Amino acid sequence: LLSISRDECQRVLQHCPVESDQHGIVCVVCAPGGDVLATSCFRGVVKLWTLSSGDCSVVLDDADGDAALCLQFSPCGSLLALAQESGCVSFWDVRLQSFIHSSWLPEGQMFCPFLRFSPGGNVIAISSLFYEDHYIEVWRLSSRTRLSSLLLDGCVGSFAFSPGGALLAVVD
């Protein structure tokens, strides 16, 4: 962790032992409240860290060993979405430290490492790849239903919801 104001390394967090076969951290994201940091590794293990102490407070591991490519906290910080290489998107309740459910993209689609919650936290957008075609899937979390599937001309570079959540800007 780098202290920007002091231009120095404030703390080093060790996700897994150096001699481990987990191959280090793939993704890192801060929770909206600012005191929780989530890290993921190629083996799929996610750790939640308390930034003020530097301690690992929770280990989330569904034990399937699939690479965890992207993490995203919901706007209120209560949910953590984990997108895996296989196309599985898992949801965890951060407060209860429990697994909620997994969703799979349609058969044949592979995950591309982008996902975003809408500002209200009730919708999530996920990028995916089906052979040569690139898609953005938009899902309503409460009903677990797909709202839209957008075929793009090229590879997804990035995407973001508008502040009200009514629009999704996509770079391809």
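How each quantity is defined
- Residues numbered from 1 in each chain as written.
- Predicted model: local features only at pLDDT ≥ 70, side-chain atom pairs only at ≥ 80, totals over all residues.
- Heavy atoms only, no water.
- Helix = DSSP H or I, 4+ residues; strand = E, 2+ residues; numbered from the N terminus.
- Buried < 20%, exposed > 50% of the residue type's maximum accessible area, 1.4 Å probe, protein only.
- Core = buried A, V, L, I, M, F, W, Y, C linked by side-chain atoms within 4.5 Å.
- Contact = heavy atoms within 4.5 Å.

Asks: What should I look at first to understand unusual backbone geometry in this one?
Replies: Phi is mostly negative for residues that are not glycine, and the peptide bonds are mostly trans. Residue Arg 144 is not a glycine yet carries a positive backbone phi of 55°. Counting through the fold element by element, Arg 144 comes out in the loop between β13 (133-140) and β14 (145-152). Exposure remark for Arg 144: the relative accessible area of 49% places this residue in the partly exposed category.

Asks: Would you take a moment to explain the nonpolar core for this structure?
Replies: Side chains that are nonpolar tend, in soluble globular proteins, to be buried together. With 15 residues, the main nonpolar core has Ala 38, Leu 48, Leu 60, Leu 71, Phe 73 and Leu 80 as its most contacted residues. For this core, the secondary structure elements donating two or more residues are β3 (25-30), β5 (46-50), β6 (55-60), β7 (68-73) and β8 (79-84). Top contributing element to this core by residue count: β7, with three residues. In contact with Leu 48, other than residues within four places in its own chain, are Val 36, Leu 37, Ala 38, Asp 55, Cys 56, Ser 57, Val 58, Leu 60, Phe 73, Leu 80 and Val 94. One finds Ala 83, Val 89, Phe 91 and Phe 117 within the second-largest nonpolar core, a separate group that totals 11 residues.

None of the figures reported here should be taken as evidence of function without further support.
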